[in-house]
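Now for the letters of each chain:
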Amino acid sequence: MRRLTPLVLAFGILLTLVAAGPALASSYRYWSFWDGSAGQWAYASLGPSMARPADGSAWGFRFAVSKDAGDEAARPRAAADFGAVCGATPAAEGKKRVAVVVDFGLPADAPSGEKPPQDAPRSACAQLAPEATAAEALAAVAKPLRYNSAALLCAVSGYPKQGCGEPLAEGSGSGTASATASGPADGPDSASSAGSDSGSGPSAGLLAGIAAVAALAAAAVWQSRRRTR
């Protein structure tokens, strides 16, 4: 039993590291996606490339440092009001109207060296083909857009210039984001485009810890076998 103690301890440490990994980055700086079809913003269950807004609906996008959860993410600061946005746009045959609200967020949530392009949310009415997606509605009123290789929405109207869904260590300020992990798993998505945005996977520190524990476990097994000879 004593020969197994180092091995048991090594795997205990490994499990602790793996369990602690997600807690180190539970907030993200990202564009969240909101369904305002019922007049109130609700965290969208589908990304923009999958959602197909109905005529008369409202959809919102908000840039902020937020938890990756609907009840904790920052909502658009403008109302989900289709009439206020599209009321002056006449209906057209073979087209649907979708109110799009783009909220660039607060200066405190901006990446280092950047600031929101405007303080107040921007609203526009997109007139689209009936089968158009929410991603197409956004592209119609807020180009240029930027996506990463994992199809995560990274920038709207060119903001921010760099980064994509960076995780923030719990308790850190908005300007101290890590660039080693992916953004929120259910964040907005659409057609992918390659770039230098952050990739997916665990942090380098976590991987190094796992490698060290694996080496310790291997050494413990080797020592145990040596003693039994």
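Use the structure listed above.
All figures in this text were calculated on a predicted structure; none of them were measured in a lab. Counting of residues starts from 1 at the beginning of each chain's written sequence and follows it residue by residue. Side-chain atom pairs in this predicted model are given and counted only at pLDDT of 80 or more, local residue features only at pLDDT of at least 70, and totals for whole chains, interfaces and linings cover all residues. Hydrogens and water molecules were not included; the side-chain quantities draw on all heavy atoms of the structure.

**Q** Which residues make up the nonpolar core, and what values do they have?
**A** Put simply, buried Ala, Val, Leu, Ile, Met, Phe, Trp, Tyr and Cys residues joined by side-chain atoms within 4.5 Å make one nonpolar core. Classification of residues uses two cut-offs on accessible area relative to the type maximum, computed with a 1.4 Å probe and protein chains only: under 20% is buried, over 50% is exposed, and between them is partly exposed. In terms of nonpolar packing, the biggest core is built from 24 residues, with Trp 31, Val 100, Val 102 and Leu 138 touching the most fellow members. Mapped by element, the contributors of at least two residues to this core are β1 (27-35), β3 (57-67), β4 (96-103), β5 (122-128) and α3 (134-141). Every helix listed is a DSSP run of H or I at least four residues long, and every strand listed is a run of E at least two residues long, numbered separately from the N terminus. If one sorts the elements of this core by residue count, α3 sits on top with four residues. Contacts: residue pairs with any heavy atoms within 4.5 Å of one another. For Leu 138, the contacting residues outside a window of four places in its chain are Phe 61, Val 100, Val 102, Lys 143, Leu 145, Leu 153 and Val 156.

**Q** With reference to specific residues and values, describe the state of the cysteines.
**A** For this text, the term disulfide refers to a pair of cysteine sulfurs within 2.5 Å. As enumerated under the stated definition, the model contains two disulfides in all. Each sulfur in the disulfide pair Cys 86 and Cys 125 lies 2.1 Å from the other. Of note, the bridge from Cys 86 to Cys 125 carries an S-S torsion of about 110 degrees and is right-handed in sense. Remark: Cys 125 occurs in strand β5 and Cys 86 occurs in helix α2 (residues 82-86); sequence separation between them is 39 residues. Between Cys 154 and Cys 164 runs a disulfide, and the two sulfur atoms are separated by 2.0 Å. Between Cys 154 and Cys 164 the sulfur-sulfur dihedral comes to about -80 degrees; the bridge is accordingly left-handed. Of the two residues, Cys 154 is situated in strand β7 (residues 153-155) and Cys 164 in the loop between β7 and β8 (166-168); the sequence distance between them amounts to 10 residues. Of the two residues examined, Cys 154 and Cys 164, each falls in the buried class. Here the cysteine-cysteine linkages of the protein are recorded as 1-2, 3-4, numbering only bonded cysteines and doing so in sequence order.

**Q** I'd like to hear about the packing of aromatic side chains, residue by residue, with values.
**A** Side-chain rings of Phe, Tyr and Trp (the six-membered ring for Trp) are treated as a pair once their centres are within 6.5 Å; stacked means planes under 30 degrees apart, edge-to-face means over 60, and tilted covers the remaining angles. A full pass over the atoms with the stated rule returns seven aromatic pairs. Plain terms: the ring middles of Trp 31 and Phe 104 are 5.7 Å apart, the flat faces sit at 80 degrees to each other, and that makes the pair edge-to-face. With Trp 31 in strand β1 and Phe 104 in the loop between β4 and β5, this residue pair connects regions lying 73 residues apart in the sequence. Measuring from centroid to centroid gives 5.1 Å for Phe 63 and Tyr 159, while their planes differ by 70 degrees, and the two rings are edge-to-face. One end of the pair, Phe 63, is in strand β3; the other, Tyr 159, is in the loop between β7 and β8, and 96 residues separate them in sequence. What links up through ring pairs into an aromatic cluster is the set Trp 31, Phe 63, Phe 104 and Tyr 159.

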